[in-house]
Amino acid sequence: DGAVPGYFYYTPAPGGDPVARRAALEEALARQGAGSLAVLGGAVGEKRCYIDVLALDLEKALNAAARLLTPPECAGAGFAPFRPGAKGTPLAKKQ
């Protein structure tokens with residue numbers, strides 16, 4: 001299958017510092033997804049935040065992100081690969 005370059009996106013909760021929150025989420029994602037992804041960086045937009053990753057094991061990376069990018073801190077989280085025409089897929093939390 002190979003590695004999948006892409007990004008996680010989410011809508012941050014109102015209030016607080018979105019840059020600091022994204023940095024904390026990047027660190028947590030790197031820990032939770034250790035061995036399954038590499039965090040490359042990210043960005044904060046007006047309505048959404050982004051965490052760029054290289055998913056080495058896509059299923060494990062998606063599961064790690066689904067555990068972290070949850071309400072109330074994050075809403076509308078998903079993953080999209082860096083591929084022309086590719087659409088994002090919402091994250092579903094596995095029980």
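What you are looking at is a predicted structure, and each value in this text was computed from that prediction instead of being measured. (Residues numbered from 1 in each chain as written. Predicted model: local features only at pLDDT ≥ 70, side-chain atom pairs only at ≥ 80, totals over all residues. Heavy atoms only, no water.)

**Q** Talk me through the environment of I51; I want residue IDs and the actual numbers.
**A** Relative to the helices and strands, I51 resides in strand β3 (residues 49–55). Under the relative-accessibility criterion, I51 is labelled buried at 0%. Expressed as a C-alpha distance, the spacing of I51 and A28, which sit 23 residues apart in the sequence, is 12 Å. When near neighbours in sequence (up to four residues on either side) are disregarded, I51 contacts G6, Y7, F8, Y10, R22, L25, E26, L29, V39, G41 and G42. (Helix = DSSP H or I, 4+ residues; strand = E, 2+ residues; numbered from the N terminus. Buried < 20%, exposed > 50% of the residue type's maximum accessible area, 1.4 Å probe, protein only. Contact = heavy atoms within 4.5 Å.)

**Q** Would you mind going over the sheet that holds strand β5 (residues 89–90) in detail, with residue names and values included?
**A** A sheet is described by the order of its strands in space; here 5 strands give the open sequence β2-β3-β1-β4-β5, paired in antiparallel fashion. Strand pairing shows two members of the sheet lacking a second neighbour, β2 (37–44) and β5, which therefore form its edges. Against the sheet, helix α1 (residues 18–32) contacts β1 (4–12), β2, β3 and β4 (74–81), and its axis sits at roughly 170° relative to β2. Against the sheet, helix α2 (residues 58–68) contacts β1, β2, β3 and β4, and its axis sits at roughly 15° relative to β1. (Pairing = 2+ DSSP bridges. Axes fitted to C-alpha atoms, helices over the stretch in contact; angles between N-to-C directions.)

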